[in-house]
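Residue-level listing of the chains:
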Amino acid sequence: MRAALSLGQRCLGMTAPNPAVGCVIVADDEAGGRIVGRGWTQASGRPHAEAVALAQAGAIANGATAYVTLEPCSHQGVTGPCCDLLIAAGIARVVTALEDPDIRVSGRGHEKLEDAGIEVITGVLESRAKSHHRGFLSRIVRGRPHVTLKLATSMDGKIAAGDNNQPNRITGARARAQGHLLRARSDAILVGIGTVLADDPVLTCRLPGLEDRSPVRVVVDMRLDIPPDAALVQTARDVPLWILSGVPAGDRKHDGLSSLGVKILTTPATTAGRGDLDAALAVLGDEGINSLMVEGGAKIAGALVKAGLVDRFMHFRSPDVIGAGGLEALGDVALECLTAPQYFELCDEFELGRDVLLTYEGARA
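Keep in mind that this is a model prediction, so the values were computed, not measured. (Residues numbered from 1 in each chain as written. Predicted model: local features only at pLDDT ≥ 70, side-chain atom pairs only at ≥ 80, totals over all residues. Heavy atoms only, no water.)

> Whenever I open this one, the packing of aromatic side chains confuses me. Can you help?
Aromatic rings in a pair are described by how distant their centres are and how their planes are angled relative to each other. All told, the structure shown has 1 aromatic pair when counted by the stated rule. A centroid spacing of 5.6 Å and a plane angle of 20° characterise the contact between F313 and Y360, whose relative ring orientation is stacked. With F313 in strand β13 (residues 312–317) and Y360 in strand β16 (residues 355–362), the pair connects residues that are 47 residues apart, well separated along the chain. Among the residues examined, Y360 registers a relative accessible area of 8% and is labelled buried. Positioned above the aromatic ring of W242 is the side chain of K263, whose terminal nitrogen or guanidinium carbon lies 4.6 Å from the ring centre. (Phe/Tyr/Trp six-rings, centres within 6.5 Å; stacked < 30°, edge-to-face > 60°. Helix = DSSP H or I, 4+ residues; strand = E, 2+ residues; numbered from the N terminus. Buried < 20%, exposed > 50% of the residue type's maximum accessible area, 1.4 Å probe, protein only. Lys NZ or Arg CZ within 6 Å of the ring centre and 35° of its normal.)

Okay, structure coming up:
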């Protein structure tokens, strides 16, 4: 199961709306068993992990055991049910980590396998699988993506220095590379319009060899203030750009941006209150986004923290101190709200040269 979970990581951030499942098929022999098939959900969500592993195993799958990180699907979608593939291949035993909470599956996959005479064992490495599939589970159970807030700050919690508080590079090259890897493993990345107007970012993954793993870029821009010559707009046909806006179709701004390849999602979202932000995240959930990384400035980050909508906090912290003149990372929200043990638990600490990456998991994650 550990191997299956590792395989599932290979297309993490590329399978939405499907989960990033891993599958390992083990055939029994005199040596006590050998892996004959490995599979993981492919980009765009198809083919599924079980189909890939069974194709690799071929006839040797007959009588073998399949280890799958999530209950095999039992419903007819774009492709046939994975349960049917496992049954047809003659699999003798299926070991899974989690039951799929999707109402189209939700125990039916396990039941269908058992009805076919296949031994089913569930709950193996369940906790680890929940962490791996947290984005999919969040969207199915809560109707919204799993939200990771990524911040790069000085030791004293500032994200900018100088009289005009313009953002600057606070962390080093290794920390920035790790940030790009997080982008590659996310379905979407979100910023507010303030960040777009101030920085004109591109928000793509720029790690060599992973350029095609750039997530959907999402901007909260209620009035469609984003200029047509913004870098995000100019690259919208290469990497998807979605804007959460209250401007209806038929408006000049709306139609102009749409003609440039921008997808505009109508939502009552603002950065003012929980209900509005819930609605914005629900829209992204409806669009199939499982995992969302927030890289916005202090305003959007602080609003999400206030609304209790941050599930994981990735804190890239520099040893440098900016001082009283710097811009607070969360605006009027104290950074301690994300590091206090009663709200979030520090679960990992990793050195990146001079910097350190602190990962906090929330109780709501």
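Moving on from the coordinates now.
> Would you explain the nonpolar core in this entry?
Generally speaking, soluble globular proteins have nonpolar side chains that are buried together. One finds L149, L190, L244, L284 and L330 to be the most contacted residues of the largest nonpolar core, which totals 39 residues. Elements represented by at least two residues in this core include exactly β6 (146–153), β8 (188–192), β9 (216–220), β10 (241–245), α11 (274–286), β12 (291–294), α12 (298–306) and β16. The contacts of L149, once residues within four sequence positions are left out, are V294, A301, V305, V310, R312, F313, M314, L330 and L338. Core analysis: the second largest hydrophobic core is formed by 33 residues, L7, A49, L54 and I91 among them. (Core = buried A, V, L, I, M, F, W, Y, C linked by side-chain atoms within 4.5 Å. Contact = heavy atoms within 4.5 Å.)

> Sorry, what's going on with the sheet that holds strand β11 (residues 263–266) here?
To summarise the sheet geometry, strands pair through backbone hydrogen bonds and adopt either a parallel or an antiparallel arrangement. Within the open sheet, the 9 strands sit side by side as β11-β10-β9-β8-β12-β6-β13-β16-β15. Their pairing is mixed. Unpaired on one side and paired on the other, β11 and β15 (344–352) mark the two borders of the sheet. Taken over all neighbouring pairs, the strand axes of this sheet differ in orientation by 25° on average, direction set aside. Contacts between helix α6 (residues 134–142) and the sheet are confined to β6, β13 and β16, with β6 contributing the most and set at about 130° to the helix. (Pairing = 2+ DSSP bridges. Axes fitted to C-alpha atoms, helices over the stretch in contact; angles between N-to-C directions.)

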